[in-house]
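Each chain, letter by letter, is given below.
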Amino acid sequence: MRPRVSTAGVSRRAFLAGSAALTVAGCQTGPVVQTATVVSGPAPIDPSYRALYGPLTNERYALPAVDITQFDPVYLRREVRNPTGEAPGTIVVDTTNKFLYFTLPEGQAMRYGVGLGRSGFGWDGEAIIRLKREWPTWTPPAEMIERDPKLEEYREGMPPGPANPLGARALYLFQGGQDTLYRLHGTAEAYSIGRNVSSGCVRLLNHDIIDLYSRTPLKTRVIVRPAAIY
């Protein structure tokens, strides 16, 4: 059977403080860290995915086809039974298995593979989407520039485009009216999906963040669940 695909008071365990929190806003790729991932088994690559992740020429910046051989096919976008227990219209990030779910009516959910922050840069808790941006500007925090002076030229922001670390779309998470500095955003680095690679944000393939962005109204509830300890 073919997978169903689409074309189209807050509690928290760990909220980074001080300079570490500012680093989260960087959402920049770091060293790739391989971690154990609990999945139900590899998913075969259905031919329809070649079209789903094909070139997007109607964007502000054209996006090439995704090389879907660079990551485990279990992380390809698909509609699944909702395992989260949350009501429709909720985003749930399963940090243990590297999945993001957007819950749908009738017990279904759209599931996306994600890349997460490497050790020391993670975050979990609840928030809401207060801002959405297409082809956003990326501004590295001062602490990140101090560690990597080559980023000085972007102190006032890196213009949007294919090389921008936030990719084609960004969803901004807030708690109690304050920016958590945590983002759901796009990436062109397909190899990073299913891994711990960035400075704390949740990254999806550009094709997937475009789909998620189209489904996500402002004030959407987001739950980032802490990783299980084995």
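Residues numbered from 1 in each chain as written. Predicted model: local features only at pLDDT ≥ 70, side-chain atom pairs only at ≥ 80, totals over all residues. Heavy atoms only, no water.

## As for the nonpolar core
For step 1, the next point in the chain: Among the nonpolar cores identified, the biggest contains 27 residues, and Ile91, Leu100, Leu173, Leu184, Val202, Leu204 and Leu212 are the most heavily contacted of them.
For step 2, the next point in the chain: Not counting chain neighbours up to four residues away, the residues in contact with Leu184 comprise Ile91, Leu100, Ile129, Arg169, Ala170, Leu171, Leu173, Val202, Ile209 and Leu212.
For step 3, the next point in the chain: With 16 residues, the next largest nonpolar core counts Val66, Ile68, Val80 and Ala109 among its residues. (Core = buried A, V, L, I, M, F, W, Y, C linked by side-chain atoms within 4.5 Å. Buried < 20%, exposed > 50% of the residue type's maximum accessible area, 1.4 Å probe, protein only. Contact = heavy atoms within 4.5 Å.)

## What about unusual backbone geometry?
For step 1, the next point in the chain: Positive phi outside glycine occurs at Glu106, with the angle close to 60 degrees.
For step 2, the next point in the chain: Inspection of the secondary structure puts Glu106 in the loop between strand E4 (99-103) and strand E5 (108-113).
For step 3, the next point in the chain: Of note in the backbone geometry, Lys219 takes a positive phi value of approximately 75 degrees without being a glycine.
For step 4, the next point in the chain: Within the secondary structure, Lys219 is located in the loop between helix H4 (206-215) and strand E12 (221-225). (Helix = DSSP H or I, 4+ residues; strand = E, 2+ residues; numbered from the N terminus.)

## Brief notes about the pairing of E4
For a regular strand, the rule is simple: side chains alternate between the two faces of the sheet.
For step 1, the next point in the chain: Counting buried positions over the five residues of E4 gives five, a clear majority of the element.
For step 2, the next point in the chain: Burial along E4 is two-sided: Phe99, Tyr101 and Thr103 and Leu100 and Phe102, pointing in opposite directions, are all buried.
For step 3, the next point in the chain: Where strand E3 (residues 91-94) meets E4, four bridges bridge the pair, whose relative direction is antiparallel. Following the sheet pairing, Ile91 is matched in E4 by Phe102.
For step 4, the next point in the chain: Connecting E3 to the next strand, E4, in antiparallel fashion are four residues, including Lys98 with a positive phi near 65 degrees. (Pairing = 2+ DSSP bridges.)

## As for the sheet that holds strand E2 (residues 78-81)
For step 1, the next point in the chain: Taken together, the nine strands give an open sheet; going across it, the order is E2-E5-E4-E3-E12-E7-E8-E9-E11, and neighbouring strands pair in mixed fashion. Looking at the sheet topology across the chains shown, the edges are occupied by E2 and strand E11 (202-205). For this sheet the average axis-to-axis angle between neighbouring strands, irrespective of direction, equals 30 degrees.
For step 2, the next point in the chain: Docked against the sheet, H4 engages E3, E4, E5, strand E7 (125-134), strand E8 (169-175), strand E9 (178-187) and E11, running at close to 105 degrees with respect to E11. (Axes fitted to C-alpha atoms, helices over the stretch in contact; angles between N-to-C directions.)

## Topic: H4
For step 1, the next point in the chain: Burial of H4 is extensive: eight of the ten residues sit out of reach of the surface.
For step 2, the next point in the chain: Listed as buried for H4 are Asn206, His207, Asp208, Ile209, Ile210, Asp211, Leu212 and Tyr213.

No statement about biological role is implied by the geometric values presented.
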